[in-house]
Amino acid sequence: MIATDFAPVAPRCQLVPGDANDALKNWCAARDWENERAVVFLDPYEMQVRWDTIETLAATKAVDLLYLFPLGIGVVRLLRRDGELDPAWQRRLDVLFGTPDWQDRFFQVKTVTDLFGDRETLERDASIENIEAYVQERLKSCFAGVAKGLILRNTQSSPLYLLCFASANQKGSATAVKIAQSILAD
Ligand SMILES: C[S@@+](CC[C@H](N)C(=O)[O-])C[C@H]1O[C@@H](n2cnc3c(N)ncnc32)[C@H](O)[C@@H]1O
């Protein structure tokens, strides 16, 4: 497709088979980030991007990242209302967010007092706003600058993805975020 539809850029394209998480780590390790810059677009269908990949890209201090984060398509579906998450799902969320802290962020034990005394209940806040804020915080923990994301919805207006922008370079991040912010503003 590249050769036929985008012939002029074909000589500059390189296809690397394999898990993109591993390929990106190898690529980051092989570049000279003192002298090079890059824009990376992560476009998964679902929750395939590991958080350690995000951290590796941030550690270059030279990459601008566009990440289509699987909001409704992944995270909302897994955060069950009753908090009874399958251990395999929990591990997937740990890998996606790079920490198990999401459990405290989206589920809180609250004490409710009624006729029968005190009772502990589990409250879930898996609102899109809360997940969006958490993703932004996670990106800010390793990138120099992060733009406000853009929620992408389907035709029924259900949120599917959060398009995130993060800039790893301390000096360039303010300008990069400003430009990205104006593009992502809906
Ligand atoms: C949403 S599509 C990307 C579409 C592409 N950006 C385009 O415009 O044509 C996601 C792709 O990522 C691939 N994929 C999923 N997990 C992957 C992984 N761990 N490593 C590499 N590719 C992966 C899927 O097979 C699928 O082809």
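Figured I'd write up the structure that's included with this text. (Residues numbered from 1 in each chain as written. Predicted model: local features only at pLDDT ≥ 70, side-chain atom pairs only at ≥ 80, totals over all residues. Heavy atoms only, no water.)

### Quick look at the overall build of the chain
A tally of regular secondary structure across the chain gives 8 helices and 7 strands. Across its three principal directions, the C-alpha atoms of the chain cover 75 × 35 × 35 Å. Taken across its 186 residues, the chain has 38% of its residues classed as buried. The long-range fraction of contacts in the chain, counting pairs at least 24 apart against all pairs at least 6 apart in sequence, stands at 61%. For the chain, the exposed area adds up to about 11500 Å²; of that, 53% sits on carbon and sulfur atoms. Across the chain, 21 positive and 26 negative side-chain charges occur, with their mean positions spaced 4 Å apart. (Helix = DSSP H or I, 4+ residues; strand = E, 2+ residues; numbered from the N terminus. Buried < 20%, exposed > 50% of the residue type's maximum accessible area, 1.4 Å probe, protein only. Contact = heavy atoms within 4.5 Å. Areas by Shrake-Rupley, 256 points an atom, 1.4 Å probe, with all protein chains shown as cover. Lys, Arg positive; Asp, Glu negative; His and termini not counted. Charge placed at Lys NZ, Arg CZ, Asp CG, Glu CD.)

### A short note on the packing of aromatic side chains
Overall, the coordinates contain 6 aromatic pairs when judged by the stated rule. Note on Phe69 and Phe97: the rings are 5.8 Å apart at their centroids and 35° apart in plane angle, and the pair reads as tilted. Highlighted residues: Phe69 in strand 2 (residues 63–70) and Phe97 in helix 5 (residues 87–97), separated in sequence by 28 residues. The class for Phe69 is buried, based on a relative accessible area of 1%. Taking 5.4 Å as the distance between ring centres and 80° as the angle between the ring planes, the aromatic pair formed by Phe106 and Tyr134 counts as edge-to-face. With a gap of 28 residues between them, Phe106 in helix 6 (residues 102–106) and Tyr134 in helix 7 (residues 128–140) connect regions that are remote in the sequence. Considered together, Phe106 and Tyr134 belong to a single accessibility category, that of buried residues. Members of the aromatic cluster, joined through ring pairs, are Tyr67, Phe69, Phe97, Phe106 and Tyr134. (Phe/Tyr/Trp six-rings, centres within 6.5 Å; stacked < 30°, edge-to-face > 60°.)

### Brief notes about the side chain of Thr53
Checked against the element boundaries, Thr53 lands in helix 3 (residues 51–59). Once residues lying within four places of it in the same chain are set aside, the contact partners of Thr53 are Asn21, Leu24 and Lys25.

### Focus: the pairing of strand 6 (residues 150–153)
Where strand 6 and strand 7 (residues 159–167) come together, 4 bridges link them in antiparallel fashion. Across the sheet, residue Leu152 finds its bridge partner in strand 7, namely Tyr161. (Pairing = 2+ DSSP bridges.)

### Some details on the nonpolar core
The biggest cluster of nonpolar side chains holds 41 residues, and the ones touching the most others in it are Phe69, Leu79, Leu93, Phe97 and Phe143. Ranked by residue count, the leading element in this core is helix 7, at 5 residues. The residues touching Leu93, leaving out its near neighbours within four places in the chain, are Met47, Val75, Leu78, Leu79, Leu85, Gly98, Thr99 and Trp102. Counting 10 residues, the second largest nonpolar core, distinct from the first, contains Leu68, Ala147, Leu150 and Leu184. (Core = buried A, V, L, I, M, F, W, Y, C linked by side-chain atoms within 4.5 Å.)

### A few points about the environment of Tyr45
Within the secondary structure layout, Tyr45 lies in the loop between strand 1 (38–42) and helix 3. Spatially, the C-alpha atoms of Tyr45 and Tyr161 are 9.5 Å apart, while their sequence positions differ by 116 residues.

### Considering helix 3
Along helix 3, the residues that are buried comprise Trp51, Thr53, Ile54, Leu57 and Ala58. Taken end-on, helix 3 shows its buried residues confined to a sector of 155°, consistent with a single buried face. Those residues of helix 3 hidden inside the fold are in contact with helix 2 (20–30), strand 1, strand 2, helix 5 and helix 7. One or two positions beyond helix 3, positive phi appears at Lys61, with a value near 55°. (Arc of directions from axis to C-beta.)

Honestly, that's just the spatial picture; any functional story needs more than this.
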